Structure formats: C-alpha cells, structure tokens
Amino acid sequence: MKDYEDAIAFLGQWGRFQQTVFFLLCASVVPNGFGVFFTVFLTDTPSHHCLVPEVNLSQAWRDAIIPIELVDRRQELSSCSRYRLDVVRNLSAQGLVPGRDVNLTDLEREGCVDGWSYSRDIYQSTIVSEFDLVCSDQWKQPFTTTLLLLGVLFGSFVSGQLSDRFGRKPVLFATMAVQTLFTIVQIFSPSWTVFSILFFMSGLGQISNYISGFVLGAEILTGNVRDMFSTMGISLGFAVGYMLLPLFAYFLRDWKSLLLGLSLPCFAYIPLWWFIPESPRWLLSQGRVEEAEAIIRKAAKINKVEAPQVIFEDYSTHVNENNTHPKSNHNFLHLLSTRNIRNTTIILCLLWLTLSTGYFGLSLNTSQLHANPYISCFFSAAVEVPAYTSCWLAQRYLPRRVSVISLLLLEAVSLYSIQLVPQSLSYLSFALEMLGKFAVSASSTLMYAYTAELYPTVLRNTATGTCCTVSRVGSCITPFLLKLCFYFKYLPNIILGTLAAVSAFAAFFLPESFGRPLPQTIQQMRKIKSIKCPFTTRAEHSKPAIVVESRL
C-alpha cells in the first residue's frame, strides 16, 4: 500500500487547490485574533468615583466630597468612598468652606451607595461600567476573563474528540457558529451572571476552530507548504485578526457595539463551506475511501493534472485489517510510564505553562502599557508578525533546544529590565515589554514542533494535548496574576520573568530533535539529560537506572 503523500504526489504541492485551501483556512482563523483579546477593551476599568446625586450642595463641597488618595505616588480621587452625604449637606447648608472651616480628614466616609460615575474619555461603556464591577465586586472583572479562558480550555478538549469522530470540517464550522452566535446573544445580557455564562459558552468555540483549521490544513497540505502553513501561515492569520481588533475598538467604543461589530463579519465565512473540503486523511482513517478519492479527483481537476485510475489502492483492505487487529491504545498515563518520558513530560508541561501564562499576561495587559490602549494593542499584535516569521526560520535552520532557551532568556531579561527604567522613559518600558512579547510569541509557536518531535508516534497526539491542556490552566490564572500590580507595580513582570528563567534552565535538560528522524516507538525516544551527583559512585549511579529502563 502506498503512503498517503506518495499516493497524491501527482497533485503537486502548490497548485490552485492547495492555494485555495491554504488562504481560506488562514482567513478562517482571523476572528480568533480578536475573539479572545477583545476582553482587553471589553473588561477594561474606566476611571471612576462615587456618584454624587443632585442635592443642594455648594460647588466647593461638590468638588470636595470625593476624598483624595495617594495611588502610585500620585494623588487621585477615591474610587470607592466619599464623605458622608448627609454630613456634607449639613455643612454646606451652614455655609462652611471645606479645607478652611472644616478639616476634611476628620469627616466620616461611606461607600458608593448611589453608584459610580465613570469617565468616558476612552470608552463609552465597558462591562465594568455596565454591571459596576468595581470596589467590592472588582474580583468579577478578572474572573470574567477567566471564565472565557475556561471555556477555551473545555472547548479545546471536547472539539478534539468531536473532530476525530465527526470530521475536521463539521467541527471547524460548528465551533465558528458557537463563537459567533453566543457573542451576539451576550449583547442582550440583563446581568453579569447571564453575561458570564454566555461568555463561557462563547469560549467553547474560541480557539477550537483554530485547532480544527490547523489540523485540517496540516492533513490536506503536504511537504514544505504544510510546514509553512503550520508554523507561519495560520499564525499570521491569527495576527491579522489581532491587529484588526484595536481598529474595531477605536470606532466602536460601546461594549455592545463592539461585540456586534466583531460578530457580524463572521457570517461572511458561511460560503467557505463549499470551498473547504474535508480531510482526505480523516476519511481514509474512517474507511470512506470513495469520498477521499472524490476530493482528490476534484483537486486534480482544479490543478489541471490527470489523476491515476486508482488513487488509494488497497486502503479498504488496510482499514479492515486495522479494525480486525486493533493497535494498543495509549493514554496520558503512558506519559508517566518511564523515568525518561516522565521527566520529559514534566519539563515540557512547565514550558507550556510558562509560555501560555507569559503570552496571555503580556497580551491582556496591553491597556495598561500606554496612555492610548488602542495603540498598545496594535503594537502588541503587530509584534507577532516578525515573531512568527522568525519562528519559521528558526524551525528550518536552528536547533530546537537552543532556540527555545534563547527566547525564554530574552523574555526573562526584558521583563526584569522594565523595573529598572525610570518612569520618565515610559516608551522604553513599552519597548521592553514588546520585546518580551516577541520572544514568548515565537517560542510558543516553536513548542508545537519541538513537543511533536520528542515523542514517539504512539504518544505524540496525547503528549501534545496534555501539554496544551496544562498551558490553558496557566492562561486561566493570568487575569488574577495581573491584579498583583495593586500590591507592587512590577510584581507580574517579575513573576513572568522568573518563570521564563526557570523554564530556560529546565529546557537545558531536554534532548535535541533538530534534523533527527521522528521516533516511532517508546524505545526510540531520545534520552533526557541528567545531573550526576559527584558523591555517587559509578556503580551506584548506573546500575539501578539500567535495570528500571530495561524492564519497562
């Protein structure tokens, strides 16, 4: 039986059919670029203070009723308290002047019992101003983003199972529909609770269609075209959507208008159903040989090449044999079966967790980097273009371990350096954070290839899925990690930099995979490096390890 790629070699690698699939799948992930990071604008907290109702107060007391507090060495109006309104009203009625006749520090305070007044200098409204997610309810603001990312976590896990069972194409379009429809329904949320539930449901489609499109393209395309699609093509499609986000947000400054504006263009993807085919590889794995041949013959017609009379010879027999003699199943417990696989898995999970936390931390924090959040968001998105291009070049020409360690150290150094920059040089701090974003974006993309190359065929999908799930856990805690800046401004950057430095040290022990054949069995898996204790004798160090590894 011919190998799949040998069987369709007559199509070529870059005909009209492949070009269509390449660019349409790249276009299909554009909504993912703004589908996750619109939370930067949606959940941003405008400047606010207690609302002062229309009561009989002198202008002097109306200006003084909000206390002045010191925040980051700057004097600002208190966000969560005011002087008691009944006391202030009596003092105003007596004609007393605040600060001259009355010492304001002696006055009793109260909470914002009448609500809040929000600045509209940047936004007309966000969900924070809509549902008053401030002061005692300010925990709901990061938790809202966490709910979306939890939806992404569950959606990524479930969509993979559904894709293997029902096909790549149906799941791709189903998850796009889930993402679009639930985002539109969110506009009509009467409360934060309803909004949060719908936000979680919307997250089920977020990134899930990115993964489905990634797998579909990787299975249809071949050779160098597949490598380019997997490392740069689909990632640039994501970056384009990310760069479009601040443009939408700039012109649609009300949160409901923003959600509607980001959702409506997704309906333009409906016609793609008739242009994007199902994966022939998946059809063959299901024994649907005639459907797979029909797709390849149509592709040959589009590419204007002649297809052989029989394309997938003996595939039906091969599928029947696999069904008669099924292969042994492997699950995530096999990732802990030997010391070598176990240590490799632990290190890779640490790396994936670090990179996901760093990527989402630097992306979700863009509204705090610059006075203009739209400019910050655009640069945060634009820096991913050279990052993905560099990743593609590194994947072709540089060793994996050296590339990953170098990028992690670059991220660590840039984030550590931010706290050393004087406040007057804010643009230098911004540039250092963008340098860290460049490093984490490139290394995140590179980790997909590195992880796949380290594991044998029987564990490759399981290992990648496990690492990806662990990384989603890191992204879920990121919104709360960013809130640590209330205790110390640079604490989030220090934590992210420390994680990157520790991960760079751990990556040193991973084996190199560049230019080496993919392992097919667990026995062919390359050994992880180990630290030998100088006080251990050679016999004590080597003998137990040989026995354990040989038995497994």
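All of these numbers come straight from a predicted model, not from anything done at the bench.

1. Quick notes on the state of the cysteines
Taken as a whole, this structure holds 2 disulfides when the rule is applied. Paired by a disulfide, C50 and C112 hold their sulfur atoms 1.8 Å apart. In this structure the cystine formed by C50 and C112 twists about its S-S bond by roughly -65°; its chirality is therefore left-handed. Note that C50 is positioned in strand β1 (residues 48-50) and C112 in the loop between β5 (109-110) and β6 (116-118), a separation of 62 residues in sequence. Each member of the pair, C50 as well as C112, carries the same accessibility label: buried. Here C80 is linked by a disulfide to C135, with a sulfur-sulfur distance of 2.0 Å. Between C80 and C135 the disulfide shows an S-S torsion of about -100°. By sign, it is left-handed. Here C80 is found in the loop between β3 (74-77) and β4 (82-83), whereas its partner C135 is found in the loop between α7 (127-131) and α8 (140-166), with 55 residues between them in sequence. Residue C80 is classed as partly exposed on the basis of its relative accessible area, which comes to 36%.

2. Observations concerning the side chain of T145
Turning to its location among the elements, T145 is positioned in helix α8. Residue class for T145 comes out buried when judged on its relative accessible area of 6%. Residue contacts for T145: discarding those within four places in its chain leaves T39, T43, L364 and P479.

3. Some thoughts on the nonpolar core
Ranked by size, the top nonpolar core spans 120 residues in total, and within it F37, F41 and F312 carry the most contacts. With 11 residues, helix α17 (residues 339-364) is the largest single contributor of residues to this core. Excluding residues that lie within four positions of it along the chain, F312 makes contacts with Y4, A7, I8, L284, V289, A292, E293 and I296. Among the nonpolar cores identified, the runner-up in size contains 13 residues, and W61, L91, V102 and L107 belong to it.

4. Considering the packing of aromatic side chains
Across all of its chains, the model carries 30 aromatic pairs by this definition. Here W139 and W192 contribute two aromatic rings whose centre-to-centre distance is 6.0 Å and whose plane-to-plane angle is 75°, an arrangement assigned as edge-to-face. Remark: W192 occurs in helix α10 (residues 192-205) and W139 occurs in the loop between α7 and α8; sequence separation between them is 53 residues. The class of W139 is partly exposed, set by a relative accessible area of 43%. Relative to F509, the ring of F505 lies with its centre 5.4 Å away and its plane at 85°, an arrangement referred to as edge-to-face. Cluster of aromatic residues (ring-pair linked, three or more members): F37, Y210, F238, Y242, Y359 and F360. Sitting above the plane of the W273 ring, K169 keeps its charged end 4.3 Å from the centroid. A cation over a ring is seen here: R253 above Y250, with NZ or CZ 4.5 Å from the ring centre.

Parameters at a glance
- Residues numbered from 1 in each chain as written.
- Predicted model: local features only at pLDDT ≥ 70, side-chain atom pairs only at ≥ 80, totals over all residues.
- Heavy atoms only, no water.
- Disulfide = S-S within 2.5 Å.
- Helix = DSSP H or I, 4+ residues; strand = E, 2+ residues; numbered from the N terminus.
- Buried < 20%, exposed > 50% of the residue type's maximum accessible area, 1.4 Å probe, protein only.
- Contact = heavy atoms within 4.5 Å.
- Core = buried A, V, L, I, M, F, W, Y, C linked by side-chain atoms within 4.5 Å.
- Phe/Tyr/Trp six-rings, centres within 6.5 Å; stacked < 30°, edge-to-face > 60°.
- Lys NZ or Arg CZ within 6 Å of the ring centre and 35° of its normal.

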